[in-house]
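Chain by chain, the residues:
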Amino acid sequence: MAVKLKDDDVKTKLASTEFVFDADEYAHITINEEICERCPHRLCMVVCPAECYELVEGKMKFHAHDCVECGSCFLACDQGSVSWNHPRGSFGVKYLYG
Ligand code: SF4
Ligand code: SF4
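Residues numbered from 1 in each chain as written. Chains lettered and ligands numbered in written order. Predicted model: local features only at pLDDT ≥ 70, side-chain atom pairs only at ≥ 80, totals over all residues. Heavy atoms only, no water.

All right, on to the packing of aromatic side chains then. Applying the stated rule across the entire model yields two aromatic pairs. Between F19 and F21, the ring centres sit 5.3 Å apart and the planes meet at 55°, which makes this aromatic pair tilted. Centroid distance Y53 to F62: 5.1 Å. Interplanar angle 50°. Geometry classified as tilted. Per residue, the accessibility class of Y53 equals that of F62, and both read buried. Between the NZ or CZ atom of R88 and the centre of the ring of Y26, over which it lies, the distance is 3.8 Å. (Phe/Tyr/Trp six-rings, centres within 6.5 Å; stacked < 30°, edge-to-face > 60°. Buried < 20%, exposed > 50% of the residue type's maximum accessible area, 1.4 Å probe, protein only. Lys NZ or Arg CZ within 6 Å of the ring centre and 35° of its normal.)

What follows is the structure in structure tokens.
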């Protein structure tokens, strides 16, 4: 059965996914904030479909709970800041509606 979303807001659409968190030491994505401070383009903010990257008072913050594991930020970051791993079994994103 198709699920019809009421608006186009990214965060609303993300409600159709669920992310199961693992312990911090097994985080599937980590960033190096010192590298991000020197970044000339911040392409992660452009390519991430889930708006997981946010500038807070000039510092890059990563919000893992909305990640859909597309891998785009890992490919876009040419500065060496993003570390990306597959989540361990039973952790990570679950696509609830398809
Ligand atoms: S593109 Fe990479 S280095 Fe630049 S802000 Fe994003 S994560 Fe940091
Ligand atoms: S893997 Fe995809 S959804 Fe997750 S933070 Fe990177 S670009 Fe965003």
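Still more ground to cover, so stick around.
For N32, the position within the fold is in the loop between strand 2 (29-30) and helix 2 (33-37). In the structure, N32 is positioned 22 residues away from E54 in sequence and 14 Å away in space, judged by C-alpha atoms. (Helix = DSSP H or I, 4+ residues; strand = E, 2+ residues; numbered from the N terminus.)

It is worth spelling out the pattern of salt bridges at this point. The full count for this structure, using the stated rule, is three salt bridges. A salt bridge links K61 to E33; the nearest nitrogen and oxygen atoms lie 3.3 Å apart. Of this pair, K61 sits in strand 4 (residues 59-62) while E33 sits in helix 2; the two residues are 28 residues apart in sequence, bridging distant segments of the chain. By relative accessible area, which is 35% here, E33 ends up partly exposed. (Salt bridge = Lys/Arg side-chain N within 4 Å of Asp/Glu carboxyl O.)

For the rest of this paragraph, the subject is the nonpolar core. Counting residues in hydrophobic clusters, the biggest one holds 17 residues, and the most contacted among them are I29, I31, C52 and Y53. Those residues in contact with Y53 that lie beyond four places of it in its chain are I29, I31, C44, M45, C48, M60, K61, F62, C73 and V82. (Core = buried A, V, L, I, M, F, W, Y, C linked by side-chain atoms within 4.5 Å. Contact = heavy atoms within 4.5 Å.)

By themselves, these figures tell us nothing about what the structure is for.
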